[in-house]
Amino acid sequence: MNEQQRVVHIFQTYREINQAFFQVMSKAARQHGITPLQLIVLRLLNEYPSCSLTRLAENLNLGNSTTSGIIDRMVRAELVTRERTETDRRAMTLTLTEKGKRLWHDSDATRMRMLSGLLEISPEDLLELERIQLQVLRILRKVREDV
């Protein structure tokens, strides 16, 4: 395998793994009647209670208006509440409702069940995988910084 083929092979492998993870996440989300992006929003709001719309948009790598549309649908579904902050009446605080918290818990449990096969990876192989992934990350971050 020449150098170009090696690079393409590494890229393809990561792409295929990323797609497979996304498909599992999509399947888990569908089983609970939500979109994959809504599942991510549930996770982020569970992780960062009382999050601002701007911070959520940054974590999603989306614009504020796109994120606001997602939140509008989740507010209508009674999964999220949106409240104005006391200090800045223009700013909004997003919080999971009890229904949203239950949906996050249930959908996360489904996703974890689906991914439980990953536990077949031995602890030694997992350490090696992590070492290689960190090496790839360092290389890609350096390339990104050099551009």
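1. Quick look at the pattern of salt bridges
Counting across every chain of the model gives six salt bridges. Salt-bridge contacts for R43 lead to E47; the nearest nitrogen and oxygen are separated by 3.1 Å. Pair noted here: R43 and E47 are both in helix α2 (residues 36-47), with a separation of four residues, about one helical turn. We classify R43 as partly exposed; its relative accessible area is 33%. By relative accessible area, which is 45% here, E47 ends up partly exposed. E98 is paired through a salt bridge with K101; the nearest N and O atoms lie 3.4 Å apart. With E98 and K101 both in helix α5 (residues 98-114) and three residues apart, the pair spans about one turn of that helix. Overall, K101 belongs to the partly exposed group, its relative accessible area being 39%.

2. What about the sheet that holds strand β3 (residues 92-96)?
With respect to topology, three strands assemble into an open sheet ordered β1-β3-β2, the strand pairing being antiparallel. The outermost strands of the open sheet, each flanked by one partner alone, are β1 (51-52) and β2 (80-84). Here β2 pairs with β3 via five bridges, running antiparallel. Directly across from V80, in β3, lies its bridge partner L96. Across the sheet, α2 touches β1, β2 and β3, and the angle it forms with β3 is around 100°.

3. Side note on the side chain of T67
Structurally, T67 is set in helix α4 (residues 64-76). Polar contacts involving the side chain of T67 include one to the main-chain carbonyl oxygen of G63, which spans 2.9 Å. Contact partners of T67, with chain neighbours within four places excluded, come to L53, L56, A57, L60 and L62.

4. Let's talk about the pairing of β3
On a regular strand, each side chain points to the face opposite its neighbour's, so the side chains alternate between the two faces of the sheet. Relative to β3, β1 is paired through two bridges, and the arrangement is antiparallel. Note that in β3 the partner of S52 across the bridge is T93.

5. Quick word on the nonpolar core
Within soluble globular proteins, side chains that are nonpolar generally end up buried alongside one another. V41, L56 and V80 are the most contacted members of the largest nonpolar core, which has 21 residues in total. Put simply, the parts of the chain that give this core at least two residues each are α1 (3-31), α2, α3 (53-60), α4, β3 and α5. With five residues, α2 is the largest single contributor of residues to this core. Other than its neighbours up to four places away in sequence, L56 contacts V41, L44, C51, T67, I71 and L94.

6. A short note on α4
For α4, spanning 13 residues, the distance from its first C-alpha to its last is 18 Å, which sits close to the expected 18 Å at 1.5 Å a residue. In this structure, the buried residues of α4 make contact with α2, α3, β2 and β3. Two residues or fewer after α4 comes E78, characterised by a positive phi angle close to 60°.

7. With respect to the packing of α1 against α2
At a closest axis distance of 8 Å, the pairing of α1 and α2 adopts a crossing angle of 85°. Judged by the angle between their axes, α1 and α2 are roughly perpendicular. Here F22, M25, S26 and A29 of α1 come into contact with α2, specifically with P36, L39 and I40. The residue inventory of the contact of α1 with α2, partitioned by class, reads six nonpolar, one polar and no charged.

Thresholds applied
- Residues numbered from 1 in each chain as written.
- Predicted model: local features only at pLDDT ≥ 70, side-chain atom pairs only at ≥ 80, totals over all residues.
- Heavy atoms only, no water.
- Salt bridge = Lys/Arg side-chain N within 4 Å of Asp/Glu carboxyl O.
- Helix = DSSP H or I, 4+ residues; strand = E, 2+ residues; numbered from the N terminus.
- Buried < 20%, exposed > 50% of the residue type's maximum accessible area, 1.4 Å probe, protein only.
- Pairing = 2+ DSSP bridges.
- Contact = heavy atoms within 4.5 Å.
- Axes fitted to C-alpha atoms, helices over the stretch in contact; angles between N-to-C directions.
- Polar contact = N/O pair within 3.5 Å; in protein donor to acceptor, adjacent residues only side chain to side chain.
- Core = buried A, V, L, I, M, F, W, Y, C linked by side-chain atoms within 4.5 Å.
- Expected span 1.5 Å × (residues − 1).
- Parallel < 35°, antiparallel > 145°, perpendicular 65-115°, else oblique.
- Nonpolar A, V, L, I, M, F, W, Y, C, P; charged D, E, K, R; others polar.

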